[in-house]
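# Inside the fold
So the chains spell out like this:
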Amino acid sequence: MEFRSTARRISLYAFVLIGLYALLAVVTPYETVFFGLILGTAFSLLNLLTTYVQVKRVSNAVLGRTKFAFGTASRIVTAVACILVTVNFPDFFNLAGAIIGLMSTYAIIMIEPIFHIKRLQ
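Every value quoted in this text rests on a predicted model; they were computed, and no experiment measured them.

### Points about the overall build of the protein chain
When you go through the protein chain residue by residue, the secondary structure sums to six helices and zero strands. Beginning at the N terminus, the succession of helices and strands in the protein chain can be written as α-α-α-α-α-α. Looking at the protein chain residue by residue over its 121 residues, the buried ones come to 30%. For the protein chain, the exposed surface amounts to about 8,200 Å²; the carbon and sulfur share of it is 72%.

Here is the structure:
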């Protein structure tokens, strides 16, 4: 499946981003911002994996019938959980960083095809 390799590539990019944020949290004085970015990116990666499982389930469905899934609801609950953790621990996590981190895999999904333009031609 092509989506499997794409999800794997995006996960790798997200892990690299988390590593970069961890390095910047140690080096710069803005550790709460980068910890928020780490937390948001981790939850965003969890949302990506949830989406992958749901796409895999739908693609394996027989005769177009699928079992009930909590797709969008689970992604919303995950995002709310990330924000709740951030709000409850403001000394460790920055809210703006967590929100930007939640959007990170979506940004990777939008930017990632640019690197594969030559392969597609």
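We are not done yet, so read on.
### Considerations on the packing of helix 2 (residues 31-59) against helix 4 (residues 95-102)
A pair of packed helices can be characterised by two numbers: the angle between their axes and the separation between those axes. Look at helix 2 against helix 4: their axes get within 6 Å of each other, and the N-to-C directions meet at 30°. The orientation of helix 2 relative to helix 4 falls into the category roughly parallel. Here the hand of the crossing between helix 2 and helix 4 comes out right-handed. When helix 2 is examined against helix 4, the residues V33, G36, L37, G40, T41, F43 and S44 are found in contact with a partner set consisting of G97, A98, I100, G101 and L102.

### Some details on the pattern of salt bridges
Following the criterion strictly, the structure yields one salt bridge and no others. The partner of E112 in a salt bridge is R9, and the shortest N-O contact between them spans 2.5 Å. Residue E112 is located in the loop between helix 5 (104-111) and helix 6 (117-120), and its partner R9 is located in helix 1 (residues 2-27); the two are separated by 103 residues in the primary sequence. With relative accessibility at 6%, the residue E112 sits in the buried group. Using a relative accessible area of 21% as the deciding quantity, one classes R9 as partly exposed.

### Digging into helix 1
Its 26 residues place the ends of helix 1 38 Å apart at the C-alpha level, agreeing with the 38 Å of an ideal helix rising 1.5 Å per residue. Along helix 1, the positions that sit buried rather than exposed are T6, A7, I10, S11, A14, I18, Y21 and A25. On its buried face, helix 1 is in contact with helix 2 and helix 5.

### Regarding the side chain of S104
Tracing the sequence through the fold places S104 in helix 5. In terms of polar contacts, S104 uses its side chain to reach the side chain of T41, at 3.3 Å. Contacts of S104, omitting those with residues within four sequence positions, involve L17, T41 and S44.

### Considerations on the packing of aromatic side chains
In this structure the tally under the stated criterion is two aromatic pairs. Residues Y21 and F34 carry aromatic rings whose centres are separated by 6.4 Å and whose planes lie at 35° to one another, so their mutual orientation is tilted. Residue Y21 is found in helix 1, and its partner F34 is found in helix 2; the two are separated by 13 residues along the sequence. In terms of burial, Y21 and F34 fall into one category: buried. Ring geometry for F89 against F92: centres 6.4 Å apart, planes inclined by 55°, an arrangement best described as tilted.

The rules we used
- Residues numbered from 1 in each chain as written.
- Predicted model: local features only at pLDDT ≥ 70, side-chain atom pairs only at ≥ 80, totals over all residues.
- Heavy atoms only, no water.
- Helix = DSSP H or I, 4+ residues; strand = E, 2+ residues; numbered from the N terminus.
- Buried < 20%, exposed > 50% of the residue type's maximum accessible area, 1.4 Å probe, protein only.
- Areas by Shrake-Rupley, 256 points an atom, 1.4 Å probe, with all protein chains shown as cover.
- Axes fitted to C-alpha atoms, helices over the stretch in contact; angles between N-to-C directions.
- Parallel < 35°, antiparallel > 145°, perpendicular 65-115°, else oblique.
- Left-handed = near helix turned anticlockwise from the far one by under 90°.
- Contact = heavy atoms within 4.5 Å.
- Salt bridge = Lys/Arg side-chain N within 4 Å of Asp/Glu carboxyl O.
- Expected span 1.5 Å × (residues − 1).
- Polar contact = N/O pair within 3.5 Å; in protein donor to acceptor, adjacent residues only side chain to side chain.
- Phe/Tyr/Trp six-rings, centres within 6.5 Å; stacked < 30°, edge-to-face > 60°.

Function cannot be inferred from these measures alone, as they are strictly geometric.
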